[in-house]
Amino acid sequence: MKKALITGITGQDGSYLSRLLLDKGYEVHSIVRRAALEDPDHRLSRIRYLLDDIHIHSASLESFPSIFRIVDKIQPDECYHLAAQSYVSYPFEDEFSTMTTNINGTHYILSSLHSQKPDCRFYFAASSEMFGKVHEVPQHEETRFHPRSMYGISKVAGFDLTRNYREAYDMFALSGILYNHESPRRGFEFVTRKITHHAAKIKLGLADELRLGNLEAKRDWGHSNDYVKAMWLMLQQEEPDDFVVATGETHSVREFVERAFELLNLDYKQYVVEDPLFYRPAEVDILLGDASKAKTKLGWEPEYSFEDLIQEMVEADLELLKKKHNL
Ligand code: G4F
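Below you will find a few notes about this structure. None of these values were measured; they are calculated from a predicted model. (Residues numbered from 1 in each chain as written. Predicted model: local features only at pLDDT ≥ 70, side-chain atom pairs only at ≥ 80, totals over all residues. Heavy atoms only, no water.)

Some details on the site of the ligand
Here is step 1 of the chain: By nearness alone, 24 residues border the ligand, and S127, S128, Y151, R280 and E283 come closest of all.
Here is step 2 of the chain: In this structure, an oxygen atom belonging to the ligand sits 2.9 Å away from a main-chain N or O atom of V191.
Here is step 3 of the chain: At a separation of 2.7 Å, an oxygen atom of the ligand approaches a polar side-chain atom of K194.
Here is step 4 of the chain: For the ligand, whose unbound accessible area comes to 710 Å², protein coverage reaches 96%.
Here is step 5 of the chain: Three or more residues apiece are contributed to the shell around the ligand by two domains, here domain 1 (3-181 + 222-245) and domain 2 (188-219 + 250-286 + 304-324). (Near = heavy atom within 4 Å. Polar contact = N/O pair within 3.5 Å; in protein donor to acceptor, adjacent residues only side chain to side chain. Areas by Shrake-Rupley, 256 points an atom, 1.4 Å probe, with all protein chains shown as cover. Domains from an automatic or database assignment.)

Brief notes about the packing of helix 7 (residues 191-203) against helix 11 (residues 306-324)
Here is step 1 of the chain: The geometry of helix 7 relative to helix 11 is characterised by a closest axis approach of 9 Å and an angle of 50 degrees between their N-to-C directions. The orientation of helix 7 relative to helix 11 falls into the category oblique. In the packing of helix 7 onto helix 11, the handedness of the crossing is right-handed. Each of T192, R193, T196, H197, A200, K201 and K203 in helix 7 lies in contact with helix 11, whose residues at this interface are M313, V314, D317, L318, L320 and L321. (Axes fitted to C-alpha atoms, helices over the stretch in contact; angles between N-to-C directions. Helix = DSSP H or I, 4+ residues; strand = E, 2+ residues; numbered from the N terminus. Parallel < 35°, antiparallel > 145°, perpendicular 65-115°, else oblique. Left-handed = near helix turned anticlockwise from the far one by under 90°. Contact = heavy atoms within 4.5 Å.)

What to know about unusual backbone geometry
Here is step 1 of the chain: Of note, the amide linkage connecting V137 to P138 takes the cis form, showing an omega dihedral of -5 degrees.
Here is step 2 of the chain: Within the element layout of this structure, P138 appears in the loop between strand 5 (121-127) and helix 6 (150-169).
Here is step 3 of the chain: At D170, a residue that is not glycine, the phi angle is positive and equals roughly 60 degrees.
Here is step 4 of the chain: For D170, the position within the fold is in the loop between helix 6 and strand 6 (173-178).
Here is step 5 of the chain: Looking at D170, the relative accessible area reads 71%, which means it is exposed.
Here is step 6 of the chain: One non-glycine residue, N265, lies in the positive phi region at around 55 degrees.
Here is step 7 of the chain: Summarising the element assignment, N265 is placed in the loop between helix 9 (253-263) and strand 13 (272-274). (Buried < 20%, exposed > 50% of the residue type's maximum accessible area, 1.4 Å probe, protein only.)

This is the structure in C-alpha cells:
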C-alpha cells in the first residue's frame, strides 16, 4: 500500500485530495498543528468525515525538527505539499509570516525528504499568482514570473526550491502551477465564496448588501476537485516536470457576481457596493492559463464549467444557511 503525506489537509484541496487518494487505496497521512487537534470541530471541519480513515500527526511547518521527525516516521512514497498561508493579503504584519511559513516550510520538507526518504515523489502547490503582472496572455510553463504580493513571491521561492532539489539531488520533485480553484469548501475570505455566501444570504433575507473591491479583475476559475486529479497525475509520470493547470477561460469578478445573483433571480446591481477597503495596492489584473501541456502529457481535462462551479457553490450556500437558520 502506497503512503501519501499531505500538508494542508484541512483546506479545500487537502479534503478533495485525501478522498481521491483513499479511493485509490493509499494510506493517507497528514500533519496539522496541535491547535487544530485541540479544536477539531472547527479546524478539521472539512475532513470531519475522513477522520477515521486518515492518520493525523501533530507538527508545524515552522519547526524543522517536527517535520523531520514525521517524515522519518512515515517514510512516505508521495508527498503533496499544499499547506501555505494562501490568502493574498497586504497588511504589513502578514508579510513576514507569509514569507517565513511558506518558504521555510517548503524548504524543511524538501530537506527532510532528501535526507530521510529521497525517493519520495514531491508535489509543490505553486500558483498562477507567480505570474502577477503578466508578461503574456495566456500564461504557460515558460512565461516569466512577476509576482505582485508576498504570497506570490513566496510561491516563486518555493517553485525555485523545488526545481533546485530536483536538479541538484535528482529528486522526483515538481510544481503544479494551479490557477484559482474553488468549491463549496472554499474559505469565506476568497472572492468566489464571499459572493455565493452573500448572494444566498440576501436571497434568504439575512443580508441586504455585498461589499466588494475590484470587480474588473479577471481570473481563470476552476473546481478544486478537478485540480487535485491533476496533482495526482503529475506524480505518476515517468519524469518529474512542472505543469500549468487551468481551464483556459477567464472571467471578471463582475461576471461571477452577475451569474451567482442571476441563479437566485436577483439583480446584483441592487445589492453590490464597491468598497475601496477591498482594493489591492498591487492588483493582478488578468490571469488566463494555457494547460495544453497538462492535457497532452497527463491526459487531464477539467469536468466542471464556470457555470457548473457557480451553481454548485450557490446551491451549497443556500442549503448551508437554511440549515443553520432553520429556514
Ligand atoms: O479570491 P481572491 O482573494 O483570490 P486570489 O487573490 O486570486 O488568490 C487565489 O488564487 C491564487 C491562484 O492564482 C492562489 F494562489 C491563492 O492562494 C488564492 O487561492 O481574489 C480574486 C480577485 C482579486 O483580483 C481581488 O482583488 O477578486 C478581487 N476581489 C474583488 N473584491 C476580491 C474582493 N477579493 C477578495 N478576496 N475579496 C473581495 O471583496
